[in-house]
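# An overview of the molecular structure
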Amino acid sequence: MSHDRRESGFKRRTRVADARATLLDAVTPHDRTGSVPVGAADGRVVAEPIDAPAPVPGYDRAAMDGYAVRASDTFGAGDRSPAVLAAKPAEADAVAPGEAARVHTGSAVPEGADAVVMVEQVESVGDEVEVFDAVATGENVGEAGEDVADGQRLYEPGHVLRPSDLGLLRSVGLDEVTVREPPEVAVIPTGEELVESDPGPGEVIETNGLTVSRLVERWGGEARYRDVVTDDPDALREAVAADLDADVVVTTGGSSVGERDLIPEVVDGLGEVLVHGVALKPGHPVCLGAAEGTPIVSLPGYPVACIVNAAQFLRPALKRAGGTDADPFPTRRATLDRKVASEPGVRTFARVSLSEPDEAEATDGDDALPTATPTRASGSGILSSVALAEGWVVVPEPREGLDAGEPVDVELWEVTE
């Protein structure tokens, strides 16, 4: 990186989608796997195909309370001419012709029975039962394997397990599942002005590393939250090099083109700078690179810019390293209450708070939308503008802004993993 480039600033900025694609091309999913209890596998990534070792249910079961019968014994039964069957003890193992056995929802259907008469259609009279409704073969019976067939493929590698998945895995008799280990992400905050507490003039409490490390954990990774590294090229080089065994290295601060912005030089010396400067606001001075096969995401030091870039670049890189892809953030439709400006060719992330429509508006119809209010038009160093917002509105590159009253999609970026 030349001194001229530093002084000239960013003459060319890469579009967000292109920068992300370039970074992901440098990410190789790791192959570390492990076996974990099913109950602890929520959010983990399946490492190998999972097939059902047993059917669910494992037997024909009653779909409701009633009497298990042979359907042919109920032919012609009705209110005026019930079929009279011999009553077997409750939960009997078998039913012969002319017999009926009491069953409960979910219990096994006795051998020989092929249908269940609802308890409302049966009257017990001594050692006999009167059946007032004819049933067909298979009626009110759940067949073995109705839920899950024996050997059925349940999940492919790369599937992210959800709570409902864990219930299904347990139902087929699995106690453990093989998953990918969480990707390891080294988080290195940089800057000679950063302190842990009691900042003096010109000093700032370190927050970016804390925020990013917790985002890493939320997004399914394991964070190595390192101590602050001062703005010294040798110290920075040593710190980054020491963590190149991680799946992703992320630094905060020092990613721009000023005299103290040394990270791009360090990355270039250890490996290669792939992208420096992205058409994104806030936070265009992001630097993306790789060294020894490890992707390096260098986030700007301003807190809001750091968070926006972490969501746009670190999250997809972390997910790819862990063997999956980042899902889009969930959105909520809202009405923008004032204009948001944006530079053409730049993707702008406008932080907004949401307020629900009042009761009068809500009763006007189903189209009443919450109101999205920008928390701040500018200021990538104002952490409260994102911490006190519900999400952000993305202004795409071709637009010169969004108008007041315009329906927008608010990305709820902190809701998802």
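Before going further, it helps to examine the overall build of the protein chain. On a plain count of helices and strands, the protein chain comes out with 9 helices and 28 strands. For the protein chain, the C-alpha radius of gyration of 31 Å lies well beyond 22 Å, the compact-globule estimate for 417 residues. Along the longest, intermediate and shortest principal axes, the C-alpha atoms of the protein chain span 100 × 55 × 40 Å. In the protein chain, buried positions account for 45% of the 417 residues. Sequence-distant contacts, at least 24 apart, represent 73% of the contacts inside the protein chain between residues at least 6 apart. Per element, the accessible surface of the protein chain, about 19900 Å² overall, is 46% carbon and sulfur.

Time to look at unusual backbone geometry. Of note, the amide linkage connecting V56 to P57 takes the cis form, showing an omega dihedral of -5 degrees. Checked against the element boundaries, P57 lands in the loop between strand 2 (50–51) and strand 3 (61–62). Here the amide bond leading from K281 into P282 is cis, since omega sits at 5 degrees, within 30 degrees of zero. As for its position among the elements, P282 is in the loop between strand 19 (280–281) and strand 20 (287–291). Even without being a glycine, D198 presents a positive backbone phi close to 50 degrees. Tracing the backbone shows D198 in the loop between strand 14 (194–195) and strand 15 (204–205). Owing to a relative accessible area of 70%, D198 belongs among the exposed residues under this scheme. Positive phi outside glycine occurs at E292, with the angle close to 50 degrees. Judged by its relative accessible area of 68%, E292 falls in the exposed class.

On to the sheet that holds strand 20, then. The strand order across the open sheet formed by 6 strands is 16-13-17-21-20-18, and the pairing between neighbours is mixed. Single-partner strands in this sheet number two, and they are strand 16 (222–225) and strand 18 (272–276). With strand direction ignored, the average angle separating the axes of adjacent strands in the sheet is 20 degrees. For strand 13 (residues 184–189) and strand 17 (residues 248–252), the ladder comprises 5 bridges, and the chain directions are parallel.

The subject of this paragraph is the packing of helix 5 (residues 233–242) against helix 6 (residues 263–270). Helix-helix packing is characterised by the crossing angle of the two axes and by the distance between the axes. The geometry of helix 5 relative to helix 6 is characterised by a closest axis approach of 10 Å and an angle of 55 degrees between their N-to-C directions. Taken together, the axes of helix 5 and helix 6 are oblique relative to one another. Viewed along their axes, helix 5 and helix 6 form a crossing whose handedness is right-handed. Two secondary-structure elements touch here, helix 5 through P233, L236, R237, V240 and A241 and helix 6 through I263, V266 and L270. In terms of residue class, the contact of helix 5 with helix 6 is made up of 7 nonpolar, no polar and 1 charged.

Turning to the sheet that holds strand 9 (residues 128–131), a few remarks are in order. What the 6 strands build is an open sheet, ordered 7-4-6-5-9-8; its pairing is mixed. Looking along the sheet, the strands with just one partner apiece sit at the ends: strand 7 (115–118) and strand 8 (122–125). Strand after strand, the sheet turns through a mean of 40 degrees between neighbouring axes, direction not considered. Note that strand 4 (residues 66–69) and strand 6 (residues 99–103) share 3 bridges and pair antiparallel. Following the sheet pairing, Y67 is matched in strand 6 by R102.

Turning to the layout of surface pockets, a few remarks are in order. The calculated volume of the largest pocket comes to roughly 660 Å³. If you trace the largest pocket, you find 32 residues lining it, with G253, P300, G301, Y302 and P303 closest to the centre. At the level of elements, strand 15, strand 19 and helix 7 (303–321) are the ones that each hand at least two residues to the lining of the largest pocket. Among the residues making up the lining of the largest pocket, the classes are represented as 11 nonpolar, 13 polar and 8 charged.

Conventions we followed
Residues numbered from 1 in each chain as written. Predicted model: local features only at pLDDT ≥ 70, side-chain atom pairs only at ≥ 80, totals over all residues. Heavy atoms only, no water. Helix = DSSP H or I, 4+ residues; strand = E, 2+ residues; numbered from the N terminus. Rg over C-alpha atoms; globule rule 2.2 N^0.38 Å. Buried < 20%, exposed > 50% of the residue type's maximum accessible area, 1.4 Å probe, protein only. Contact = heavy atoms within 4.5 Å. Areas by Shrake-Rupley, 256 points an atom, 1.4 Å probe, with all protein chains shown as cover. Pairing = 2+ DSSP bridges. Axes fitted to C-alpha atoms, helices over the stretch in contact; angles between N-to-C directions. Parallel < 35°, antiparallel > 145°, perpendicular 65-115°, else oblique. Left-handed = near helix turned anticlockwise from the far one by under 90°. Nonpolar A, V, L, I, M, F, W, Y, C, P; charged D, E, K, R; others polar. 1 Å grid on protein atoms, 1.4 Å probe; cavity = no way out; pocket = protein on both sides within 12 Å on 5 of 7 lines; lining within 4 Å. Points joined across faces, edges and corners; volume = space filled by probe spheres on them.

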